Amino acid sequence: MPQRVLVWLRSDLRLHDQALFAQAQKADCLLPFVCLSPQLFAPQALGFSKTGPFRAQFLFESLADLRSQLRARGSDLCVAVGEPEVLIPEMVKKHRLTEVWTEAEATDEELREQAAVALNLPFSLRRLWGKTLYHLDDLPFPLAEMPHVFTQFRKMIEKQAIIRPCYATPETLPPFPEQEPGILPTLADFGWDSLLREPRAVLSFQGGERPGLKRIHHYIWETQCVKHYKETRNASLGPDYSSKFSPWLALGCVSPRFVYQEIQRFEQAFGANDSTYWLYFELLWRDYFRFVALRAGNRLFARGGLRGHLPPIHQDRDAFQRWCQGETSEAFVNAHMNELRLTGFMSNRGRQNVASYLCHDLHLDWRWGAAWFEHALIDYDVCSNWANWLYIAGVGNDPREHRYFNIAKQATRYDAKGDYTRYWTT
Ligand SMILES: Cc1cc2nc3c(=O)[nH]c(=O)nc-3n(C[C@H](O)[C@H](O)[C@H](O)COP(=O)(O)OP(=O)(O)OC[C@H]3O[C@@H](n4cnc5c(N)ncnc54)[C@H](O)[C@@H]3O)c2cc1C
């Protein structure tokens, strides 16, 4: 029987180190398919959508880049707006497809969506693990027995697990079926004006695999900033204090294994140091939070988190609005919230501070903050976002329950001359 495959892409928008394309190369027919649910762009209970305009724009650019790369290899990218559990089975029927493959997910909504698609297919949905540096099957412990604390997780992984090599990038791909590929969406389709690029932004982030690879090349090879990463990573001004790989990693435009491979090549050429190790170390945090999410199930989104601990909170929507808009009584917090609102990005140090402020100074529901980040961040990743919020809120895995960042002390330490705060005080 001919093998006719639909590859359902979500946050895995690339050709390099991509299990789905690498394994589909011998198929008789291949339909790469992206389904955009209108739900992602519709206002939710707190008054804003899950996906805000910065991430939407980055997503649309990533789709355009992938489509042009697929076309160069004799294929195409079909993009449709609607519900996957309806559209994918329709495609299967129309094109007499024999298989549907997708990347395995870790969190509730994504798993439910996959289950709904699977239910409407005449065969099983094939799920392949991707997204992490270490493959789920290579963890040196059963997921249920994963160490609670990051340091223990890291030590076991570093001693006992290996990172698989990258898949080769396909040069050609199987024929695309007789199918209109669909017009790529724009912000206007979802009711937004086109984005005004903020001139103060740390980077003009451009979605897609090729811009992502270019950024990796810039950070590791061209400027060799990776050599000083550990010393610069707590800064907040300028393009190169940290890698800025996160938006491309979040949408799968670049693979964490590829980043790791480039770090290793750099170390072989110029020597390893604490900084080159530290970039890998941060990617390990990313893995850790994905495995935490997979194990936690819906506790990832519960107010009591992994501990079931419910600290008292205020239901103060006005205070929350002021936090979102950068109108609190703390200039350091406001500057970060302005940067986020106007550009879709904020440094890690900034995220820790504004999250702590929302949880431990304003005593608001940490899930409101996580929802605003989900809307506003260009690099939103469900596991990294919600698990980091749990951690700061003191209901995650951290042995220290109260992760309090003293805003005045942090501002003195990380913005001693007030340059950052002035820069983002509108
Ligand atoms: C409250 C809060 C929410 C966050 N939400 C997200 C999110 O939605 N998406 C996201 O990618 N990161 C999130 N982070 C983690 C971190 O802030 C960003 O990954 C980082 O700031 C992105 O900038 P960079 O790529 O220059 O990072 P670098 O410092 O250059 O780090 C390299 C990569 O390591 C990973 N990484 C670094 N720190 C973390 C971390 N703490 N947790 C997980 N991965 C990490 C990222 O993939 C990052 O691109 C959050 C952190 C906090 C405190």
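Note that the coordinates shown come from a computational prediction; the quantities given were computed from them, not determined experimentally.

**Concerning the overall build of the chain**
So, step 1. Summing up its helical and strand segments, the chain has 17 helices and five strands in all.
So, step 2. Since a compact globule built from 426 residues should have a radius of gyration of about 22 Å, the 22 Å found for the chain is in line with a globular shape.
So, step 3. With respect to the principal axes defined by its C-alpha atoms, the chain has extents near 65 × 50 × 45 Å.
So, step 4. For the chain, restricting intrachain contacts to residue pairs at least 6 apart in sequence, the fraction spanning at least 24 positions comes to 76%.

**Regarding the packing of helix α3 (residues 84-94) against helix α4 (residues 108-119)**
So, step 1. Look at α3 against α4: their axes get within 8 Å of each other, and the N-to-C directions meet at 35°. The element α3 and its partner α4 pack so that their crossing is right-handed. Across from Pro84, Glu85 and Ile88 in α3, the residues of α4 making contact are Glu113, Ala116 and Val117.
So, step 2. Among the residues forming the contact of α3 with α4, the class breakdown is four nonpolar, no polar and two charged.

**Description of the pairing of strand β4 (residues 99-103)**
So, step 1. The buried fraction of β4 amounts to four of the five residues, a majority that puts the element mostly inside the structure.
So, step 2. Note that the unit made of β4, α4 and strand β5 (residues 126-128) has a crossover that is right-handed.

**Let's talk about the site of the ligand**
So, step 1. For the ligand, the set of nearby residues contains 29 residues, the closest of which are Ser242, Ser243, Ser246, Glu282 and Asn385.
So, step 2. Split into classes, the residues belonging to the shell around the ligand amount to 13 nonpolar, nine polar and seven charged.
So, step 3. The residue makeup of the shell around the ligand includes at least three contributed by each of domain 2 (132-165 + 209-296) and domain 3 (302-423).

**As for helix α14 (residues 366-376)**
So, step 1. Of all eleven residues in α14, ten are buried; the element is thus mostly enclosed.
So, step 2. Of all the positions in α14, only Trp366, Trp368, Gly369, Ala370, Ala371, Trp372, Phe373, Glu374, His375 and Ala376 are classed as buried.
So, step 3. Contacts made by the buried residues of α14 are with α11 (317-324), α12 (331-343), α13 (348-361) and α15 (382-393).

**Re the nonpolar core**
Across soluble globular proteins, nonpolar side chains have a tendency to be buried as a group.
So, step 1. Counting residues in each nonpolar core, the largest one holds 106 residues, and the members touching the most others are Leu6, Val7 and Phe33.
So, step 2. Each residue touching Leu6, except ones within four places of it in the same chain, is listed here: Leu31, Phe33, Ile88, Met91, Val92, Leu97 and Val100.

**What to know about the domain arrangement of the chain**
So, step 1. Taken as a whole, the chain is organised into domain 1 (4-130), domain 2 (132-165 + 209-296) and domain 3 (302-423).
So, step 2. The C-alpha-based centres of domain 1 and domain 2 are spaced at 25 Å.
So, step 3. Contact with domain 1, which involves 16 residues of that partner, is made by 17 residues of domain 2.
So, step 4. Of the residues in the side of domain 1 that touches domain 2, the class split is seven nonpolar, five polar and four charged.

Basis of the calculations
- Residues numbered from 1 in each chain as written.
- Predicted model: local features only at pLDDT ≥ 70, side-chain atom pairs only at ≥ 80, totals over all residues.
- Helix = DSSP H or I, 4+ residues; strand = E, 2+ residues; numbered from the N terminus.
- Rg over C-alpha atoms; globule rule 2.2 N^0.38 Å.
- Contact = placed C-beta atoms within 7 Å.
- Axes fitted to C-alpha atoms, helices over the stretch in contact; angles between N-to-C directions.
- Left-handed = near helix turned anticlockwise from the far one by under 90°.
- Nonpolar A, V, L, I, M, F, W, Y, C, P; charged D, E, K, R; others polar.
- Buried ≥ 20, exposed ≤ 12 C-beta atoms within 10 Å, placed from the backbone.
- Right-handed = clockwise from strand over helix to strand, strands pointing away.
- Near = placed C-beta within 6 Å.
- Domains from an automatic or database assignment.
- Core = buried A, V, L, I, M, F, W, Y, C linked by C-beta atoms within 7 Å.

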